[in-house]
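Secondary and tertiary structure notes
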Amino acid sequence: MDSPRKAKKANVNREPKHSQNQSSRPPQKDAYARLLSQHRSSKFSMYLEQYAKDSSSQREDNGPSPQLKAQSDRDCERRQGVFDGQRRGQRRDTATSHDGDVESGEELGSLKPNDAKKHQKQQRKNKDSNRDVDSKETDQPGGRLQSPKKSKKKNLPKHPEDEKIREGTSKCGVDSQMSSPKPPHGRDKNVKQPRASSANSPADKGKNKGGRGSKKQVFDAYMTSEEVSHGLKRGELIQGQLRINPKKYNEAFVPSPDDTRDIFLDGIVARNRALNGDIVVVQVLPREQWKVVRSDTDCEGASESDTPTVQTATKKTKSTPSSAVIVEEQCSDRDEQNNKYQNISGERLGEPSTPRSNGEILQKTAKVVYIVEKKHSRAATGFLKHLPDKPFALFSPVDHRVPRINVPLADCPEDFSSRPGDYNNILFICRITDWAADSNFAEGRLAKSLGQAGEIEPETEGILIEYEVDFSEFSDEVLDCLPKNLPWTIPPEEMRKRRDLRNECIFTIDPATARDLDDALSCKQLPDGNFEVGVHIADVSYFVEEGNSLDVIASQRATSVYLVQKVIPMLPRLLCEELCSLNPLVDRLTFSVIWTLTPEGKILNEWFGRSIIRSCVKLSYDHAQSMIEAPEKMFSAEELPPVDPMHPIDEVHQAVLNLHAIAKNLRAQRFLGGALRLDQLKLSFTLDKETMMPQGCYIYQYRDSNKLVEEFMLLANIATANHIYRKFPELALLRRHPPPKAKMMDELQELCDQLGIKIDLSSAGLLHKSLNTAFGDDEYTSARKEVLTHMCSRPMQMALYFCTGVVKEEQNFKHYALNVPLYTHFTSPIRRYADIIVHRLLASSLKCGPRISLSTEEVEKQASHCNDKKALSKRVQELSSELFFGVFVKESGPLDSEAMVMGVLDQSFDVLVLRYGVQKRIYCKSITGLDAFRHRKVGKKSELTLLWTAEAPEDPPVEQVISVFTLVEVQLKSDDAPLKYSAVLKRPEDSAS
């Protein structure tokens, strides 16, 4: 295929964005002024009279009413001039979108009496329109054409500043935004008025008193812990984890206790100063304030949080590749933890959402009344804005979901006030210290300057701090816990306690660059034709004594964090890379599981115990793969790393072949038994050794050598889980995987049926079988499978660590993807703290280690912490990959690739870029050369028709139909904002040329 012609972006296609989303212009201000004067009519006068009466009656009943002014002069001054300073570029989205990617634009930063009714009318209008991030046109249910070149102004916000709020590049997550604005007297009777006792609740210090008491109360005071406790018991309140849409900071969600559609929190005021990931208690609003939404789940339509989006379908908008999904971790790419709400029984909160006659449903809405736990770090990267004649500067976070923050000038660089322009592109880290109930802005302290935005190291450091990854050097107190006499040797008394396996043919298989080698394998054929197979895991618990300083820091870090260019270790490098790492040709302490297996993989015997090994060679996955692919070949010493002379190369080769044969049988049995694997594309990078900049990237290949290691690690984890649960039924640390959300699976099944895709979602095993049925027999079969795999991964929940003494129902222990009743993590103690606890339980059960001193509550608390840290680590890894790919596109782009459509919305569609495995959203309004487009939906199937401008005036427009599995050509191009890039759709004739 010839190189497709590059498309130029015509300025005319930029017009709608400028007219709707950018800073206001004088004519708009004049128009607004005219509107105001027109509305000083009888209706407006009646409204003022009514408001005066209401205010008067409220003063009689309730004392002085809060001023209606939306924010104090001080806050107005703080806001002034903020947005022009944010033209540096778009904020980085710091999480995968879970909850819908629609532009609301409904809430105004300040509501004055004379525009409250207009705002309510505007809300009603907006509720009937279906919107994407960059488009505000109303939905065309009849397939009516929309032109990307024309801008409709009827939905423009009334205030210039509110218009700016709608800009993607200048959102501030802090404006007072009411989902249902009403005069103060109309406040929900259940909302508690500010009270002294509210100071007992988190994040509320009663700062609305004293000199600040005259300011408008932007947020409601929190309920007391007693009120919350009673409300939860009565079923009047709901506890859950808050998820804020990274693309639409005024939309947030908490899981519904009945596992139906998530509960919607509309606007910043409803969130009441809670941040993304916080555990909150919410109060469901009256039914008349619920959202009218469409059950819009065409293919990618269901949001990953099981949330029907407000007036539009949604999907994951991640521009970075998904990490490889290990089989025990079969869950969607959502970065939030699994739902941690308190399950509330009964129907006290009203019946579940039910479809209306027109296909719409009512979605419950709520407001935050209490913050149980501040999971969010309260740290953010961003930029400083100078405010003349103010004793503070304004910090604007890169992440939309974090509010703007006032920071003391004393925290800023010395010359910031005199030369603020020098810092326009400098990234800073700021930590929120307080957020008063009467302020749109949080208060905070500047932690440090990171460096130039768009550079890898400053951006990486910002990510690590935001996600609370401890990358500091280990303290002297921690290092004092390590062995002092180096080089360290195994003490003779320890030798006598262990099974000596140093003469066995044991080896490691890892990525070529790995330095923390957790696991080794052995395989010896027995005279009767069976095999003795061993999994040998680094005995980290020998070096990490329970309760000492090293143990404390390891438990806090909970996991190593793998970035593209480096690893942030859980343990000091002396342990990670030396004393615990199963390096070749040195004696190492291990915990071993040894089985007698038939060639088919049937377990005849099993042994657990502490051991000593001496790895004979460090193989990479490539080495092992070469051995598997060439079973008859005699490998020379030059083709492999150094091998222990005690074990000839062909002995190692034969052991690899035997392990491969057994692993194939184990794998086949697992999937016949109902297991599931959802493979998603993973992008890897080649880096310059000196600069650590990306030189190239490729999709990681998951091959037989990877599968070999995986099968035996799974076998060891399952065996260990059964052993420790049998010995410690109230104390075992296991790992469960809840089944996918039933409603999302039902809707996905309906869509697949309509698309003619034969897929059975009724169980993990049948889903796996369906996914491995050929989808066509052409070169795009694998691409179609990738798209379908992505669709199936979205309803999946996160796998979680838990203590068996806390989860009472044994059927809830089950691991859905593996389809096993018990599972744990035993095989990676160098990089996972959960495995260290499991090792201690195992040692205690075998009487080869100290008795466990942990209580059930302590194990559960550590399990929960490990869950949190694992999720954060996963997100950091994704952001690191996104960062490097952004640099790669900037340095090497534009990049051409085929792409397959994954989901279709009413004004945009999502594609999987096949060459790089990244996912991008393409907005119809931003497509250069498009005359018009129309959207059509039948059942669950959504379809866009694009009409391209004809090459010759006399020719008709070129029509292109976009639906799931449509193949298109795209070009990845770097944006003006640091490290951001877009997927540009090519004309169909360009693609075909």
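A quick note: this is a predicted structure, and the numbers were derived from the prediction, not measured. (Residues numbered from 1 in each chain as written. Predicted model: local features only at pLDDT ≥ 70, side-chain atom pairs only at ≥ 80, totals over all residues. Heavy atoms only, no water.)

1. Quick word on the sheet that holds strand S27 (residues 895-904)
Think of a sheet as strands paired side by side through backbone hydrogen bonds, with each pair either parallel or antiparallel. Selection rule: Two strands pair under a simple rule: DSSP has to find at least two bridges between them. Helix and strand definitions follow DSSP, with helices as H or I runs of at least four residues and strands as E runs of at least two, each counted in order from the N terminus. Every axis in this analysis is a line fitted to C-alpha atoms, fitted for helices over the stretch in contact. Angles between the N-to-C directions lie between 0 and 180 degrees. Residue contacts are defined here by distance: any two heavy atoms, one from each residue, within 4.5 Å place the two residues in contact.
Here 5 strands make up an open sheet; going across it, the order is S29-S28-S27-S33-S34 and the pairing antiparallel. One side of each edge strand has no neighbouring strand; the edge strands of this open sheet are strand S29 (918-923) and strand S34 (981-985). Strand-to-strand twist in this sheet, taken as the mean axis angle between neighbours without regard to direction, amounts to 45°. Note: strand S28 (residues 908-913) against S29, 6 bridges, orientation antiparallel. Its bridge partner lying in S29, Leu912 is registered against Gln919. This element, helix H20 (residues 781-793), spans S27, S28 and S29 of the sheet and lies at about 45° to S27.

2. What to know about the side chain of Asn583
Put simply, the test is: For the purposes of these results, a polar contact is taken to be a pair of N or O atoms within 3.5 Å, where, inside protein, one atom must be able to donate a hydrogen and its partner to accept one; residues adjacent in sequence count only when each atom of the pair is a side-chain atom.
Following the sequence through the fold, Asn583 ends up in the loop between helix H14 (573-579) and strand S20 (587-597). Among the polar contacts listed, one links the side chain of Asn583 to the backbone oxygen of Glu577, at a separation of 3.0 Å. When residues no more than four places from it in sequence are discounted, the contact partners of Asn583 are Arg515, Leu517, Glu577, Glu578, Arg588 and Ser615.

3. Some thoughts on the UniProt feature "site: Important for catalytic activity" (unreviewed entry) in the protein
Operational definition: UniProt positions are given in the numbering used here, feature names are shortened, and annotations may be inferred rather than shown by experiment. Relative accessibility thresholds used throughout: buried, under 20% of the residue-type maximum; exposed, over 50%; partly exposed, between the two (1.4 Å probe, protein chains only).
The feature "site: Important for catalytic activity" (unreviewed entry), as annotated in UniProt, sits at Asp518 in this numbering. Secondary-structure assignment places Asp518 in the loop between strand S15 (506-510) and strand S16 (519-525). Looking at Asp518, the relative accessible area reads 4%, which means it is buried. Those residues within four positions of Asp518 in sequence are excluded, and the remaining contacts are His536, Ile537, Ala538, Leu582, Thr827, Ser828, Pro829, Ile830 and Arg831.

4. Digging into the UniProt feature "binding site: Mg(2+)" (unreviewed entry) in the protein
UniProt feature "binding site: Mg(2+)" (unreviewed entry): in the numbering of this structure it lies at Asp510 and Asp519. Mapped onto the secondary structure, Asp510 falls in strand S15. A residue is classified by how much of its surface remains accessible, and Asp510, at 7% relative accessible area, is buried. Non-local contacts of Asp510, meaning those with residues more than four positions away in its chain, are made with Leu517, Asp519, Leu619, Ser620 and Tyr621. Take Asp519: it is sitting in strand S16. Not counting residues up to four positions away in its chain, the partners in contact with Asp519 are Thr508, Ile509, Asp510, His536, Ile537, Leu582, Val709, Met713 and Thr827.

5. Brief notes about the packing of aromatic side chains
Under the convention used in this document: Here a pair means two rings of Phe, Tyr or Trp (six-membered ring of Trp) with centres within 6.5 Å. Their orientation is stacked below 30 degrees between planes, edge-to-face above 60, and tilted elsewhere.
Under the defined criterion, the tally for this structure stands at 15 aromatic pairs. Here the aromatic rings of Tyr542 and Phe543 are separated by 5.0 Å at their centres, their planes lie at 85°, and the arrangement is edge-to-face. Residue classification places Tyr542 among the partly exposed residues on the basis of a relative accessible area of 28%. Here Phe543 falls in the buried class, since its relative accessible area comes to 8%. Between Phe685 and Phe884 the ring centres are 6.0 Å apart and the planes differ by 55°, which places this aromatic pair in the tilted class. Taken together, the residues span a long stretch of sequence, with Phe685 in strand S23 (residues 683-687) and Phe884 in helix H22 (residues 856-892) at a distance of 199 residues. Note on accessibility: Phe685 and Phe884 belong to one class, buried.

6. Overview of the sheet that holds S20
Ordered by their spatial adjacency, 7 strands build an open sheet running S14-S21-S20-S17-S16-S15-S22, and the pairing between neighbours is mixed. With partners counted over all chains shown, the strands left at the sheet margins are strand S14 (499-500) and strand S22 (618-620), one partner each. Of the strand pairs in this sheet, strand S17 (residues 531-538) and S20 are connected by 8 bridges, and their pairing is antiparallel. Each residue of the ladder has a partner; that of His536, found in S20, is Ser592. This element, helix H17 (residues 704-727), spans S15, S16, S17, S20 and strand S21 (603-614) of the sheet and lies at about 85° to S20. On top of the sheet, helix H21 (residues 833-845) reaches S17, S20 and S21; it is set at about 70° to S20, its chief contact.

7. Looking at the nonpolar core
To be explicit about the condition: Here the nonpolar core consists of buried residues drawn from Ala, Val, Leu, Ile, Met, Phe, Trp, Tyr and Cys, with membership extended through side-chain atoms lying within 4.5 Å.
By size, the foremost hydrophobic cluster in this structure holds 95 residues, and its most contacted members are Phe507 and Phe712. Contacts of Phe712, omitting those with residues within four sequence positions, involve Leu521, Val533, Val535, Trp595, Leu597, Leu659, Ile662, Ala663 and Leu666.

8. Let's talk about helix H13 (residues 549-557)
Within the span of H13, buried status applies to Leu550, Asp551, Ile553, Ala554, Ser555 and Arg557. In this structure, the buried side of H13 is in contact with helix H10 (476-479), helix H12 (540-543), strand S19 (567-568), H14, H21 and H22. Among the residues of H13, the N-terminal cap falls to Asn548, whose side-chain oxygen and the backbone nitrogen of Leu550 are separated by 3.2 Å. Just downstream of H13, Ala558 is the residue with a positive phi angle, here 70°.

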